[in-house]
Amino acid sequence: ALGDEGAFTGLRVELTSESNLFFHYVHELDIAGFKKLQQGQNLMVDFAEYPSVMVRNLDNCIKQPHSHLAVLVMKRDGSARLDF
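Residues numbered from 1 in each chain as written. Predicted model: local features only at pLDDT ≥ 70, side-chain atom pairs only at ≥ 80, totals over all residues. Heavy atoms only, no water.

> Hey, could you go over the packing of aromatic side chains for me, with residue numbers and the actual values?
The tally for this structure, following the rule as stated, stands at 2 aromatic pairs. Ring geometry for F34 and F47: centres 5.4 Å apart, planes at 55 degrees, overall tilted. A residue pair is termed long-range when its members are at least 10 positions apart, and F34 in helix α1 (residues 31-41) and F47 in the loop between α1 and α2 (50-63) qualify at 13 residues. Here F34 and Y50 contribute two aromatic rings whose centre-to-centre distance is 5.0 Å and whose plane-to-plane angle is 55 degrees, an arrangement assigned as tilted. (Phe/Tyr/Trp six-rings, centres within 6.5 Å; stacked < 30°, edge-to-face > 60°. Helix = DSSP H or I, 4+ residues; strand = E, 2+ residues; numbered from the N terminus.)

Below, the structure written as structure tokens:
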């Protein structure tokens, strides 16, 4: 999370791969981008809660891989989405 706790200004997620050392994907989201995401996906969380929701989902994928899965879908133009 970017900014002070309780007053986040953005979120930065970096993904790497142990099996592909050349893979490095960075996603940054500010409040304006979050509002578009929130409307497009009907998210029920607000921007202040979003970083903890992301961390919780990613932790679930690490700790409980048999029941939680994250899939990074990348497009040729470099854009991507992370599905849980």
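Resuming the write-up.
> Can you tell me about α2, naming the residues and giving the values?
The terminal C-alpha atoms of α2, which comprises 14 residues, lie 20 Å apart, in line with the 20 Å expected from a rise of 1.5 Å per residue. Among all positions in α2, only Y50, P51, V53, M54 and C61 are buried. Mapping the buried residues of α2 onto a view down its axis gives an arc of 165 degrees, with all of them on the same face. Within α2, the exposed residues directed more than 90 degrees away from the buried face are I62 and K63. (Expected span 1.5 Å × (residues − 1). Buried < 20%, exposed > 50% of the residue type's maximum accessible area, 1.4 Å probe, protein only. Arc of directions from axis to C-beta.)

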